[in-house]
Amino acid sequence: MINKNLIDLEALSVEQIDKLVRKARKIMQNPADFRHACDGKILATLFYEPSTRTQMSFQTAMLKLGGRTIGFDNPMNSSVAKGESLKDTISVISGYADVIAIRHPVEGTAMAASLYSEVPLINCGDGGHLHPTQTLTDIVTLSCEKGRLDHMKIGVCGDLLNGRTVHSLIKTLAKYEGNSFVLISTKELSVPLYIIDILEKNNCAYEISHSLSDAIGDLDVLYMTRIQRERFGSPEEYEAQKYVFVLDREKLDKAREDMIILHPLPRVNEITVDIDDDPRALYFKQAQYGMYGRMALILTLLQDEDFLIPSRETETSLHRCSNPKCVTQSEAYLPNLSYRKLGMQMCDFCDKRID
Ligand code: CP
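What comes next is a walk through the structure. These numbers come from a predicted model, not from an experiment.

## Considering the overall build of the protein chain
Phase 1 of the analysis: Scanning the protein chain for helices and strands turns up 12 helices and 14 strands.
Phase 2 of the analysis: Its C-alpha atoms give the protein chain a radius of gyration of 20 Å, within 12% of the compact-globule value 20 Å for 355 residues.
Phase 3 of the analysis: Its C-alpha atoms give the protein chain principal-axis dimensions of about 55 × 50 × 40 Å.
Phase 4 of the analysis: Burial analysis of the protein chain (355 residues in total) assigns 59% to the buried set.
Phase 5 of the analysis: Of the contacts made within the protein chain by residues no fewer than 6 positions apart, 72% connect residues no fewer than 24 positions apart.
Phase 6 of the analysis: Summing over all exposed atoms, the protein chain offers an accessible surface of approximately 15300 Å²; the carbon and sulfur share of this is 50%.
Phase 7 of the analysis: With 41 positive and 49 negative side-chain charges, the protein chain shows a separation of 3 Å between the mean positions of the two kinds.

Structure follows, in structure tokens:
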């Protein structure tokens, strides 16, 4: 089956990802050519969780393409506050808008929402699971600033367990030849096993490190991330992790002159402010590249009839997903969709093992 929903960049071929990046660069070079490209079209931004960049860059992207936007940034101001289900909200909104961008704190929500949408639906972050349009932002940045998406050594540092941006980034860059990763985190915040499986399946080299100082000297890209306070079980667990990895001047002095520093933002305390003026610090520019990436994505989903996204082959599992953070726990009507990987049954919504 094919669809027009962007839930996970992993579903796209390298050719499709490259096409999006090329389109973003084309828009960047000649924005005036695209000023009326989406005249009459409506984007709905449904943000069940706070956002600055993703929400506003999507809205700005649609406005710059000549379209308009509707939506909410606080579900408590919508009928969600009266108990409306995800299914009903999406069924209604997809009758108003031409494209939907959704963020939700629960894993697998974008996939669940896509089952009930008549229009293309874009995952803007689902809990600690995935954030594909941040990855689009990151790869447009890499393409413009490093001139390539392959043969790079990428250090990802911070909350690799809950950091959805890291999961999407690794899954995407693992598709490109010659990339390798240094996974820099505490033991408690290591990447989930399914991400390691993907690295191994792609024959992508990786090392695990517990020291940013030791790892930084040999990197092309350092991708810093925030410790995701809102995803911890208790304040004490967060307190134990929050200052473990901080990029400061002393550590940056060990890095190469051509290493670039990316961060999906928001930053809390993991990069000291004095680094901001260093020419290698590209995180604010990265946020602007994201707007062009999202313009390219909206245009492509609405206008490129050849841009079709293959769906995974799924089956109905006998068992419900037991991940307490999975959308199947809160939206009881969802089917028990699963797929097979390495002989295991995986939840189609949150990618966790079912049996
Ligand atoms: N990078 C990112 O997703 O930022 P926001 O949470 O502000 O959208």
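## Observations regarding the layout of surface pockets
Rolling a probe over the atoms, with the probe sized like a water molecule, indicates the empty space that remains.
Phase 1 of the analysis: If you add up the space inside the largest pocket, you get close to 830 Å³.
Phase 2 of the analysis: Surrounding the largest pocket, 35 residues form its lining, N3, M111, P310, S311 and R312 being those nearest its centre.
Phase 3 of the analysis: The set of elements that each furnish at least two residues to the lining of the largest pocket consists of α4 (109-114), α7 (193-201), β11 (309-310) and β13 (337-341).
Phase 4 of the analysis: When residues of the lining of the largest pocket are assigned to their parent elements, the largest contribution, 4 residues, is made by α7.
Phase 5 of the analysis: Tallied by class, residues from the lining of the largest pocket come to 16 nonpolar, 7 polar and 12 charged.
Phase 6 of the analysis: Within this model, the second largest pocket holds a volume of roughly 370 Å³.

## Here we look at the nonpolar core
Phase 1 of the analysis: The biggest cluster of nonpolar side chains holds 61 residues, and the ones touching the most others in it are V156, I170 and L183.
Phase 2 of the analysis: At 9 residues, the largest contribution of residues to this core is made by helix α11 (residues 283-303).
Phase 3 of the analysis: Beyond its immediate chain neighbours, meaning those up to four positions away, I170 contacts V156, F181, L183, V191, I195 and L199.
Phase 4 of the analysis: In this structure, I90, I100, A112 and Y116 belong to the second largest nonpolar core, which totals 30 residues.

## Some thoughts on the pairing of strand β5 (residues 121-126)
Phase 1 of the analysis: Within β5, 6 of the 6 residues are buried, which leaves the element mostly enclosed by the surrounding structure.
Phase 2 of the analysis: Bridging between strand β4 (residues 99-104) and β5 involves 4 bridges; their strand directions are parallel. Each bridged residue has a counterpart across the sheet, and for A101 the counterpart in β5 is I122.
Phase 3 of the analysis: What joins β4 to β5 is α4, and the crossover it makes is right-handed.

## Here we look at the site of the ligand
Phase 1 of the analysis: Near the ligand the following residues occur: S51, T52, R53, T54, R103, H131, Q134, P264 and L265.
Phase 2 of the analysis: Contact between the ligand and S51: an oxygen atom at 2.6 Å from a side-chain N or O atom of the residue.
Phase 3 of the analysis: Here an oxygen atom of the ligand sits 2.8 Å away from a polar atom, N or O, in the side chain of H131.
Phase 4 of the analysis: When the free accessible area of the ligand is taken as 260 Å², the share hidden by the protein chains comes to 93%.
Phase 5 of the analysis: A molecule is said to occupy a pocket when more than half its atoms come within 2 Å of that pocket's grid points, and by this definition the ligand occupies the second largest pocket.
Phase 6 of the analysis: Here the shell around the ligand gathers at least three residues from each of two domains, domain 1 (2-131 + 288-310) and domain 2 (132-287).

## Remarks on the pattern of salt bridges
Phase 1 of the analysis: In this structure the tally under the stated criterion is 23 salt bridges.
Phase 2 of the analysis: The shortest N-O distance in the salt bridge between R256 and D220 comes to 2.5 Å. With R256 in the loop between α10 (249-252) and β10 (260-262) and D220 in the loop between α8 (212-215) and β9 (221-224), the pair connects residues that are 36 residues apart, well separated along the chain.
Phase 3 of the analysis: Ionic pairing is found between R226 and E230, a salt bridge with its closest N-O pair at 2.9 Å.

## Here we look at unusual backbone geometry
Phase 1 of the analysis: Across the junction of L265 and P266, the peptide omega takes the value 5°, indicating a cis bond.
Phase 2 of the analysis: Here P266 shows up in the loop between β10 and α11.
Phase 3 of the analysis: Even without being glycine, D351 reaches a positive phi, approximately 70°.
Phase 4 of the analysis: Tracing the backbone through its elements, the reader meets D351 in the segment after β14 (344-347).

Reading guide: rules and limits
- Residues numbered from 1 in each chain as written.
- Predicted model: local features only at pLDDT ≥ 70, side-chain atom pairs only at ≥ 80, totals over all residues.
- Heavy atoms only, no water.
- Helix = DSSP H or I, 4+ residues; strand = E, 2+ residues; numbered from the N terminus.
- Rg over C-alpha atoms; globule rule 2.2 N^0.38 Å.
- Buried < 20%, exposed > 50% of the residue type's maximum accessible area, 1.4 Å probe, protein only.
- Contact = heavy atoms within 4.5 Å.
- Areas by Shrake-Rupley, 256 points an atom, 1.4 Å probe, with all protein chains shown as cover.
- Lys, Arg positive; Asp, Glu negative; His and termini not counted.
- Charge placed at Lys NZ, Arg CZ, Asp CG, Glu CD.
- 1 Å grid on protein atoms, 1.4 Å probe; cavity = no way out; pocket = protein on both sides within 12 Å on 5 of 7 lines; lining within 4 Å.
- Points joined across faces, edges and corners; volume = space filled by probe spheres on them.
- Nonpolar A, V, L, I, M, F, W, Y, C, P; charged D, E, K, R; others polar.
- Core = buried A, V, L, I, M, F, W, Y, C linked by side-chain atoms within 4.5 Å.
- Pairing = 2+ DSSP bridges.
- Right-handed = clockwise from strand over helix to strand, strands pointing away.
- Near = heavy atom within 4 Å.
- Polar contact = N/O pair within 3.5 Å; in protein donor to acceptor, adjacent residues only side chain to side chain.
- Sits in = over half its atoms within 2 Å of the grid points.
- Domains from an automatic or database assignment.
- Salt bridge = Lys/Arg side-chain N within 4 Å of Asp/Glu carboxyl O.

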